[in-house]
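Geometric and topological summary
Spelled out from the first residue to the last, the chains are:
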Amino acid sequence: MVAANYSVAHFYMGFLPGLKAFTAAVLGGIGNIYGAMLGGLVLGIVESLGAGYLGQLTGGFLGSHYQDIFAFAVLILVLTLRPSGLLGERVSDRA
């Protein structure tokens, strides 16, 4: 759909949206559709608020083009603190 809008198609056009979708799925919990939806909403809100306030806090030095930093910072934070995601369940290892 993006290629139809811009009349050009490249092999890397969907890389960043795919990475953000993966981040939302990990944030909510892999295998949980409601968790993925919640992860997408949380990720969108964090990116929007972070990008909006980052420019004001830095006096215009860092603008909204740094919003991807927030998505991946949230991914690192969630993987560090709760690897199963927000709504994910812990899986026990079987011997």
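Chains are numbered independently. Their residues run from 1 in the order of the written sequence. With the structure being a predicted model, the display of local features is reserved for residues of pLDDT at least 70 and the display and counting of side-chain atom pairs for 80 or more, all residues being used for whole-chain, interface and lining totals. Only hydrogens and water are removed before side-chain values are computed, so all heavy atoms of the structure are retained for them.

**Remarks on the nonpolar core**
One broad trend across soluble globular proteins is that nonpolar side chains are buried collectively. Put simply, the rule is: Here, the term nonpolar core denotes a set of buried Ala, Val, Leu, Ile, Met, Phe, Trp, Tyr and Cys residues that are joined through side-chain atoms within 4.5 Å. Each residue is placed in one exposure class: buried if its accessible area under a 1.4 Å probe, protein chains only, is under 20% of its type's maximum, exposed if it is over 50%, and partly exposed if it falls in between. Put simply, DSSP marks the helices as runs of H or I at least four residues long and the strands as runs of E at least two long, and each gets a number from the N terminus on.
Within the largest apolar cluster, six residues are counted, these being Ala-24, Leu-27, Leu-43, Ala-71, Val-74 and Val-78. Of all elements in the fold, only helix 2 (15–28) and helix 4 (67–81) reach the threshold of two or more residues within this core. If you tally residues by element for this core, the top one is helix 4, at three residues.

**Remarks on a nonpolar patch on the surface**
Cut-off, in case you're wondering: The patches described consist of residues with a relative accessible area above 30% and no salt bridge, like charges being joined within 9 Å and nonpolar side chains (Val, Leu, Ile, Met, Phe, Trp, Tyr) within 5 Å. The method behind every accessible area is Shrake-Rupley, applied with a 1.4 Å probe, and residues are considered shielded solely by the protein chains displayed. By definition here, a salt bridge exists when the distance from a side-chain nitrogen of Lys or Arg to a carboxyl oxygen of Asp or Glu is within 4 Å.
Residues Ile-33, Tyr-34, Met-37, Leu-38, Leu-86 and Leu-87 make up a contiguous nonpolar surface patch of about 590 Å² in total accessible area. Residue position: Ile-33 is located in helix 3 (residues 33–57). Judged by its relative accessible area of 56%, Ile-33 is exposed.

**Re the side chain of Thr-23**
Keep this limit in mind: Residues are treated as being in contact if the distance between any of their heavy atoms lies within 4.5 Å.
When you line up the elements, Thr-23 lands in helix 2. The class for Thr-23 is buried, based on a relative accessible area of 0%. Ignoring anything within four residues of it in the chain, the contact list for Thr-23 reads Leu-43, Ala-71, Phe-72 and Leu-75.

**Overview of the confidence of the model for the chain**
Definition in use: Confidence of the prediction at every residue is given by pLDDT, a number between 0 and 100.
On average, residues of the chain score 83 in pLDDT, and 94% of them reach the 70 mark or higher. The secondary-structure element of the chain with the lowest mean pLDDT is helix 1 (residues 2–6), recorded at 80, while helix 2 shows the highest, at 88.

**So, the packing of aromatic side chains**
Which entries qualify depends on this criterion: Note on aromatic contacts: the rings of Phe and Tyr and the six-membered ring of Trp form a pair at centre separations within 6.5 Å, being stacked when their planes are under 30 degrees apart, edge-to-face when over 60 apart, and tilted otherwise.
Counted under the stated rule, the structure contains one aromatic pair. Consider the rings of Phe-11 and Tyr-12, whose centres lie 5.2 Å apart with planes at 90 degrees: the pair is edge-to-face.

**Section: the environment of Leu-87**
With respect to the helices and strands, Leu-87 occurs in the segment after helix 4. Aside from chain neighbours lying at most four places away, what touches Leu-87 is Gly-28, Asn-32, Tyr-34, Gly-35 and Leu-38.

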